[in-house]
Amino acid sequence: MSIVEMIERLGALVLDGIARLGTFSLFLISALFYAIMPPYKPRLLIRQISSIGAESLFLIVLIATFTGMVLGLQGYNALHRFGSDTALGTVVALILVRELGPVLAALMIAARAGSAMAAELGSMQATEQIDALTVMAINPIQYLVSPRVLAGVISFPLLTSIFDVIAIWGGYLVGVKLLGAPSGPYFNGIATNLSGHDIMTGLYKALVFGVVVMWVCCYKGYNAERMATGVSRATTQAVVLSSVLILAWDYFLTSILL
Amino acid sequence: MSELQTNHDGANAIKVRDLRRRFDHQQVLDGVTLDMPAGQITTIVGPSGSGKTVLLKHLNLLLRPDSGQIVIDNVDVTKLRGTAVDAVREKIGMLFQAGALFDSLSVFDNVAFPLVEKTNLPRTEIEQRVLETLRSVGLDGMEHKYPSELSGGMQKRAALARALVRRPKILMLDEPTTGLDPSRTRAIHELIRHTQENFQLTVVMVSHDVPAVFEVSDRVAFLHRGKTHLNGTVAEVMAADDEIFKHFLAGKASGAENEALAG
Ligand SMILES: Nc1ncnc2c1ncn2[C@@H]1O[C@H](COP(=O)(O)OP(=O)(O)OP(=O)(O)O)[C@@H](O)[C@H]1O
Ligand SMILES: [Mg+2]
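Residues numbered from 1 in each chain as written. Chains lettered and ligands numbered in written order. Predicted model: local features only at pLDDT ≥ 70, side-chain atom pairs only at ≥ 80, totals over all residues. Heavy atoms only, no water.

### A word on the coordination of the magnesium ion (ligand 2)
Moving on, step 1. The magnesium ion (ligand 2) binds to the protein through T53(B) (OG1) and Q97(B) (OE1), with metal-donor distances spanning 1.9 to 2.4 Å. Of this pair, T53(B) sits in helix 2 (residues 52–59) while Q97(B) is found in the loop between strand 6 (92–95) and helix 4 (107–118), placing the two residues 44 residues apart along the sequence. (Donors = N, O, S within 2.8 Å, 3.2 Å for Na, K, Ca; no water. Helix = DSSP H or I, 4+ residues; strand = E, 2+ residues; numbered from the N terminus.)

### What about empty space enclosed by the protein?
Moving on, step 1. Summed over all chains, the structure comprises one cavity of 30 Å³ or more.
Moving on, step 2. Lining the largest cavity are 16 residues, with M136(A), I92(B), G93(B), R162(B) and A163(B) sitting closest to its centre.
Moving on, step 3. Only helix 4 (129–135) of chain A together with strand 6 and helix 6 (152–164) of chain B provide two or more residues apiece to the lining of the largest cavity.
Moving on, step 4. For the lining of the largest cavity, the element with the highest residue contribution is strand 6 of chain B, accounting for three residues.
Moving on, step 5. Of the residues in the lining of the largest cavity, the class split is 11 nonpolar, one polar and four charged. (1 Å grid on protein atoms, 1.4 Å probe; cavity = no way out; pocket = protein on both sides within 12 Å on 5 of 7 lines; lining within 4 Å. Points joined across faces, edges and corners; volume = space filled by probe spheres on them. Nonpolar A, V, L, I, M, F, W, Y, C, P; charged D, E, K, R; others polar.)

### Brief notes about the packing of aromatic side chains
Residues and elements named next belong to chain A.
Moving on, step 1. In total, this model carries 14 aromatic pairs over all chains according to the counting rule given.
Moving on, step 2. Aromatic pair F27 and Y219: ring centres 5.2 Å apart, planes at 80°, arrangement edge-to-face. Placement of the pair is F27 in helix 1 (residues 3–36) and Y219 in helix 7 (residues 196–222), with a sequence separation of 192 residues.
Moving on, step 3. A residue is classified by how much of its surface remains accessible, and F27, at 7% relative accessible area, is buried.
Moving on, step 4. For Y219, a relative accessible area of 14% translates into the label buried.
Moving on, step 5. Geometrically, the ring pair formed by F33 and Y34 is edge-to-face, given 5.1 Å between the ring centres and 70° between the ring planes.
Moving on, step 6. Looking at Y34, the relative accessible area reads 27%, which means it is partly exposed.
Moving on, step 7. Taken together through their ring pairs, the aromatic side chains of F24, F27, W215, Y219 and Y222 make up a single cluster. (Phe/Tyr/Trp six-rings, centres within 6.5 Å; stacked < 30°, edge-to-face > 60°. Buried < 20%, exposed > 50% of the residue type's maximum accessible area, 1.4 Å probe, protein only.)

### A word on the interface of chain B and chain A
Moving on, step 1. The interface is formed by 19 residues belonging to chain B together with 17 residues belonging to chain A.
Moving on, step 2. Where chain B meets chain A, there are four salt bridges.
Moving on, step 3. Of the charged contacts, one joins K41(A) and E117(B) as a salt bridge, the two residues approaching to 2.7 Å between their closest N and O atoms.
Moving on, step 4. Across the chain B-chain A interface, the total number found is seven residue pairs in polar contact (both at pLDDT 80 or more).
Moving on, step 5. Secondary-structure elements contributing two or more residues to the side of chain B that touches chain A are helix 3 (83–89) and helix 4 of chain B.
Moving on, step 6. Here the side of chain B that touches chain A gets four residues from one element, more than from any other, and that element is helix 4 of chain B.
Moving on, step 7. By residue class, the composition of the side of chain B that touches chain A is nine nonpolar, two polar and eight charged. (Contact = heavy atoms within 4.5 Å. Salt bridge = Lys/Arg side-chain N within 4 Å of Asp/Glu carboxyl O. Polar contact = N/O pair within 3.5 Å; in protein donor to acceptor, adjacent residues only side chain to side chain.)

### Examining the sheet that holds strand 4 (residues 67–72) of chain B
All names here are of chain B.
Moving on, step 1. Strands sit in the order 2-1-4-5 across an open sheet of four strands; the sheet is antiparallel. Both outer strands of the open sheet, strand 2 (26–37) and strand 5 (75–76), are each paired with one neighbouring strand and no more.
Moving on, step 2. Of the pairings in the sheet, the one linking strand 1 (residues 12–23) to strand 4 comprises five bridges and is antiparallel in character. The residue bridging K15 from the neighbouring strand is V71, located in strand 4.
Moving on, step 3. Here helix 2 sits on the sheet and contacts strand 1, strand 2 and strand 4; the angle it forms with strand 2, its principal contact strand, is near 60°. (Pairing = 2+ DSSP bridges. Axes fitted to C-alpha atoms, helices over the stretch in contact; angles between N-to-C directions.)

### Notes on the sheet that holds strand 3 (residues 41–45) of chain B
Residues and elements named next belong to chain B.
Moving on, step 1. The sheet built from six strands is open, its strands ordered 6-7-8-3-9-10 with mixed pairing. Single-partner strands in this sheet number two, and they are strand 6 and strand 10 (227–233). Neighbour to neighbour, the strand axes of the sheet diverge by 15° on average, direction disregarded.

### Points about unusual backbone geometry
Moving on, step 1. Note the cis peptide between P38(A) and P39(A), where omega equals 0°.
Moving on, step 2. Inspection of the secondary structure puts P39(A) in the loop between helix 1 and helix 2 (42–81).
Moving on, step 3. The omega torsion of the bond from V210(B) to P211(B) falls at 0°, within 30 degrees of zero and hence cis.
Moving on, step 4. Mapped onto the secondary structure, P211(B) falls in the loop between strand 8 (202–206) and strand 9 (219–224).
Moving on, step 5. Within the chain, D24(B) stands out as a residue other than glycine whose phi angle is a positive 50°.
Moving on, step 6. Tracing the chain through its elements places D24(B) in the loop between strand 1 and strand 2.
Moving on, step 7. Using a relative accessible area of 71% as the deciding quantity, one classes D24(B) as exposed.
Moving on, step 8. Of note in this structure, D73(B) is not a glycine but carries a positive phi near 45°.
Moving on, step 9. When you line up the elements, D73(B) lands in the loop between strand 4 and strand 5.

### Some thoughts on helix 3 (residues 88–126) of chain A
Moving on, step 1. Of all the bends in helix 3 of chain A, the greatest, near 55°, is centred on L96(A).
Moving on, step 2. Directly after helix 3 of chain A, the chain includes E128(A), whose backbone phi takes a positive value near 65°. (Bend = angle between axes of the 7 residues up to and from the residue.)

Following this line, the structure appears as structure tokens:
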């Protein structure tokens, strides 16, 4: 391969990448644009919120319980060495509310509801249901994608809050009930030391993750290739890309919100 | 056919001129020119992969051509954007090759969908129209089933009902009978002819059921290598002395093209 050819290929690759990034961004922009344009369909939004909730709630509760229990265990062991058992509640709550709650909840919702969403849209694409909407003069982005992205914005912070509360309770269960950290300071510490800023940081993160996860999962499903493996590939890619982007955005958001 | 022509002064509902479209390195449509008269059934035939579906998707503006013209009711639709596109689409009912029924909705809700989403009709009126349309395709009593609970032929009929429910002027059908047995095929053909006459529709149909489909067609277009190789009334096309078309017909008759059943 000559140098010129190599440069040509590299150029084509870069241009292709930029074009893809362009359509990826445009997808979110038009979803948000059509979310604020009439006709409004609150029914679709409510259905999406309830299906995200229904699919993910059990998993969130389960994961939150164990996460909280592990935090209680580790936190107690670490703090006990320094004789600061009383700080357990504060430490557990801070880690959860600022960091683990939004991230783990988002990862779980992506794995459960996000993948289901990518598969659903993927099979709608594969079986021409999206084309069918288009020829009925119904904008498929507005009908399918906008409600899902909005539902993400609403349900991620809600599910994250549930995650936090349950995990704090899980930490209490292990740290206080099982290992014997003092009970009073656990919740008092949280009440005095957890600031509004901490809580808002967590909710901002959840909100951003909601947009990112729904964006990626809808995009991958919506653009699934029309072949036998198209839907499963779209689903896998949606979960992997969502997870990577959740962690990347988490770093970015932490660094600006800290 | 002559009485149809007097009904409709022979005007062309759809005119296609030198339509070209390429995907990557494949010139799928390579100069398609075709007239589809109002109030007639025009059937597009051709080997699998010859671009029949792609052509149909250009006619309802799902795809855009690289060059060429599509004129629907005297409007060049190839340059239309935005709400003007929707206005054209409202004239058209489309049956997709795989039915494209919404899995998450019952048969009733599928058929009601275009009315619920795009009209302000009262609920009772919608209900009445949906049940009436379902009856006309022979699906009465099936309205509470889901698409996955229907046989292939019933899915096609449900999809046909959905395409018809808004009473479009133009009906586009992508392989309405593929995968059905001969008696069901005939039933669907009769249904199409019956509906066409009832509502004075202009029908554009893609079909693999050669030569059975010729019985219900007024005109036939034969696509080959992205071009309209033959195009005329059924009698004209059948009488044409054309090696490629004869070869195509013979291949069909011997059932050589089995991949057609995949749809
Ligand atoms: N979106 C697309 N991107 C790339 N190529 C496409 C696309 N749609 C169709 N093609 C190609 O265009 C050609 C014609 O496809 P089309 O679906 O129109 O065939 P067809 O005549 O309808 O065949 P069949 O009878 O099997 O349905 C095929 O080779 C197909 O690979
Ligand atoms: Mg086809």
